[in-house]
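Take a look at the letters that make up each chain.
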Amino acid sequence: MEYRRLLVDPEVVLRDGGSVIGAPDLVEEFRDQGRVHVVTDGTRFLPGDLSNRLESSGIAVDGEPLTGIDLLRSGYNGEEAYMLGKSALLRQAGARSSKNGEDVLVGYDPGFSYDKLQIAEDILRSGGSLYIASRRRFTQITGHKPHQSPINEALSEFAEPELLGFPSENAMDAVRDRFSFVPEATLLISDRLDMAEAGNRMGVDTAVLADESIQNRLRKAEAIRRPDYVLSSLHSLGRKLL
């Protein structure tokens, strides 16, 4: 298959301090035959900040990345919410941040604490809704560290969460609205089964860079969550693309 569009999760091409070995060359070679777009439901970076990080790492992409901030903006219509995450970033989602907010909006929060949990619990027990940007378990960009999933699990004790990231309809609609692509000529590459599921539902081909933990989850995964390609490295991805 000759692909014309590549949808890339930044976690597979960036690591702390720069790019994954081989990523800049792979992306540049692919851009000779098509366009490369970056998609993520992470809230660690604003789209412009992520663009700068990619550029400084030698990775050239087409258009502005789609991030979890965009997905919160498109999926949450409230005016005021208690925000768990980097509040300066989450405020870009369009709502005001307040401990007296009507709902709880959750992104990546490296400073999560029991005090924050208590505030969120009070809002949720009073009838507020819980919106989460991502179900990512770990972040690779700054090393193998816990991401948002443990926070989601804690808050799910008090309310049923609404997912605004992948593989939700909100996230898939945002990809379709942001980027022009023919599904049959598009490949989505990530390190998550949530992204593989989203790609499968959008009708694009999917590839997952799989470590041992992902390999184990794949054995139990439903068909909709299984990618077309399971890869061990970007080098093996290059053989599929070029």
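Residues numbered from 1 in each chain as written. Predicted model: local features only at pLDDT ≥ 70, side-chain atom pairs only at ≥ 80, totals over all residues. Heavy atoms only, no water.

1. Here we look at the overall build of the protein
Looking only at helices and strands, one finds ten helices and 14 strands in the protein. The C-alpha radius of gyration computed for the protein amounts to 18 Å, which stays within 12% of the reference 18 Å derived for 242 residues, consistent with globular compactness. In terms of principal-axis extent, the alpha carbons of the protein reach across some 55 × 40 × 30 Å. The proportion of buried residues among the 242 residues of the protein is 54%. One finds the centroid of the 29 positive side-chain charges in the protein at a distance of 3 Å from the centroid of its 38 negative side-chain charges. (Helix = DSSP H or I, 4+ residues; strand = E, 2+ residues; numbered from the N terminus. Rg over C-alpha atoms; globule rule 2.2 N^0.38 Å. Buried < 20%, exposed > 50% of the residue type's maximum accessible area, 1.4 Å probe, protein only. Lys, Arg positive; Asp, Glu negative; His and termini not counted. Charge placed at Lys NZ, Arg CZ, Asp CG, Glu CD.)

2. Notes on the sheet that holds strand 4 (residues 35–38)
The five strands are arranged 4-1-12-13-14 in an open sheet whose pairing can be described as parallel. Single-partner strands in this sheet number two, and they are strand 4 and strand 14 (229–231). Strand-to-strand twist of the sheet, defined as the mean angle between neighbouring strand axes without regard to direction, takes the value 20°. (Pairing = 2+ DSSP bridges. Axes fitted to C-alpha atoms, helices over the stretch in contact; angles between N-to-C directions.)

3. Quick notes on the pairing of strand 1 (residues 5–8)
Burial along strand 1 is two-sided: Arg5 and Leu7 and Leu6 and Val8, pointing in opposite directions, are all buried. Pairing of strand 1 with strand 4 involves four bridges; the strand directions are parallel. Directly across from Leu7, in strand 4, lies its bridge partner His37.

4. Here we look at the layout of surface pockets
The volume enclosed by the largest pocket comes to roughly 630 Å³. Lining the largest pocket are 31 residues; nearest its centre among them are Arg137, Asp191, Arg192, Ile214 and Arg217. Listed by contribution, the elements that provide at least two residues to the lining of the largest pocket are helix 6 (149–155), strand 11 (161–163), helix 8 (193–202) and helix 9 (212–220). Residue composition of the lining of the largest pocket, by class: twelve nonpolar, seven polar and twelve charged. (1 Å grid on protein atoms, 1.4 Å probe; cavity = no way out; pocket = protein on both sides within 12 Å on 5 of 7 lines; lining within 4 Å. Points joined across faces, edges and corners; volume = space filled by probe spheres on them. Nonpolar A, V, L, I, M, F, W, Y, C, P; charged D, E, K, R; others polar.)

5. Comments concerning empty space enclosed by the protein
Enumeration according to the criterion identifies one cavity of 30 Å³ or more in this entry. Considering the residues around the largest cavity, the lining is formed by ten residues, among which Glu11, Thr40, Gly42, Arg44 and Phe45 are closest to the centre. Across the lining of the largest cavity, the residue classes tally to four nonpolar, four polar and two charged.

6. Details of the sheet that holds strand 8 (residues 130–132)
An order of 6-5-7-8-11 is seen for the five strands of this open sheet, with the pairing classed as parallel. The open sheet is flanked by strand 6 (96–97) and strand 11, the only strands paired with a single partner. Here strand 5 (residues 80–84) pairs with strand 6 via two bridges, running parallel. Residue Glu80 lies in a different strand from strand 6, and its bridge partner there is Arg96. Its contacts with the sheet place helix 5 (residues 114–125) against strand 5, strand 7 (103–106) and strand 8, and it is angled at close to 145° to strand 5. (Contact = heavy atoms within 4.5 Å.)

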